[in-house]
Amino acid sequence: MTKTTAAAAQCPMELGINILSGKWKLKILWQISKGAVRFHELQRRLGGITTKTLTQQLRELEVQRMIERTVYPDSPPRVEYALTELGGSIAPDLKALCDWGTYYRTARDPGGSFARRPDRSCKTPYLHSTLTGLPPRFQAETDCKTVPRMIDCR
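Our subject in this report is the structure included herewith. (Residues numbered from 1 in each chain as written. Predicted model: local features only at pLDDT ≥ 70, side-chain atom pairs only at ≥ 80, totals over all residues. Heavy atoms only, no water.)

### Focus: the pattern of salt bridges
Any two side chains of opposite charge can pair if their charged atoms end up close together. Rule in force here: Put simply, a salt bridge is a Lys or Arg side-chain nitrogen that is within 4 Å of an Asp or Glu carboxyl oxygen. Helix numbers and strand numbers start at the N terminus; a helix is a DSSP run of H or I with at least 4 residues, a strand a run of E with at least 2. Burial classes follow relative accessibility: with a 1.4 Å probe on protein chains only, a residue under 20% of its type's maximum area counts as buried, one over 50% as exposed, and anything between as partly exposed.
Within this structure, the stated rule accounts for 6 salt bridges. The residue E41 makes a salt bridge to R44 at a minimum N-O spacing of 2.6 Å. With a gap of 3 residues between them, E41 and R44 both fall in helix α3 (residues 39-46), about one helical turn apart. Note on R44: relative accessible area 57%, which makes it exposed. Notably, a salt bridge pairs K95 with D99, separated by 3.5 Å at the nearest N-O pair. Taken together, the residues K95 and D99, both in helix α6 (residues 91-108) and 4 residues apart, mark about one turn of the helix. Overlapping salt bridges, with partners in common, bring together E41, R44 and R45 in one network.

### Notes on the packing of aromatic side chains
The following threshold applies: Planes of paired rings set the category: under 30 degrees apart is stacked, over 60 is edge-to-face and the rest tilted, where pairs are Phe, Tyr or Trp rings (Trp by its six-membered ring) whose centres lie within 6.5 Å. Counting as a charge over the ring demands two things of the Lys NZ or Arg CZ atom: a distance within 6 Å of the ring centre and an angle within 35 degrees of the ring normal.
For the structure on display, the rule yields 1 aromatic pair. Sitting over the ring of Y72, R78 keeps its end group 4.0 Å from the ring centre.

### Observations concerning the environment of R38
The test is simple: By the convention used here, residues are in contact when the closest approach between their heavy atoms is within 4.5 Å.
Position of R38 among the secondary structure elements: in strand β1 (residues 37-38). By relative accessible area, which is 43% here, R38 ends up partly exposed. Taking the C-alpha atoms as reference points, R38 and R69, 31 residues apart in sequence, are found 9.5 Å from one another. If sequence neighbours within four positions are ignored, R38 has contacts with R78, V79 and E80.

### Considering unusual backbone geometry
Cis geometry marks the peptide bond from S75 to P76, where omega comes out at 0 degrees. For P76, the location among the structural elements is in the loop between β2 (67-72) and β3 (78-83). Backbone geometry places R65, a non-glycine residue, at a positive phi of 65 degrees. Position of R65 among the secondary structure elements: in the loop between α4 (51-63) and β2.

### Thoughts on helix α2 (residues 25-32)
By the criterion of burial, α2 is predominantly enclosed, with 7 of the 8 residues buried. Taken as a whole, α2 has its buried residues at K25, K27, I28, L29, W30, Q31 and I32.

### Notes on the sheet that holds β3
Note the following rule: Strand pairing is defined by DSSP finding a minimum of two bridges between the two strands.
The strand order β1-β3-β2 describes an open sheet built from 3 strands, whose pairing is antiparallel. Among the strands making up the open sheet, the edge pair consists of β1 and β2. Bridge count for β2 against β3 is 6 bridges, and the pairing is antiparallel. Pairing of V71 across the sheet is with V79, part of β3.

Here it is as structure tokens:
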């Protein structure tokens, strides 16, 4: 559902929350931040999202200028979704959220049920020195890992 409050009338925090709210938007942006992706590939990566819901979320993100939809005149037509420059500005924050999730999982349940789940490591190390407020041991070059099947850091 498109947000009806005028963007100029909202405080910046409200605006950000409204753009990113919902079960799927952050997950969609995370997957698209890895590179342009076609509709069915995105749906496969997300798992559990209906065609209707994905279409609706992509349209909202397109209206909000977070993503762009490119139609190629092939036969059959090919459509790809990619982050706009504005949408790309949130990619470091998405990565930081993934990294924080890793930290939270470890801090919350060291050696427990989270730790026994399959490892889903990123292939690209990330320098955590840009993150603030985290323990120094977390601010080192490490691999991002996530637990949920639907949010894959790869």
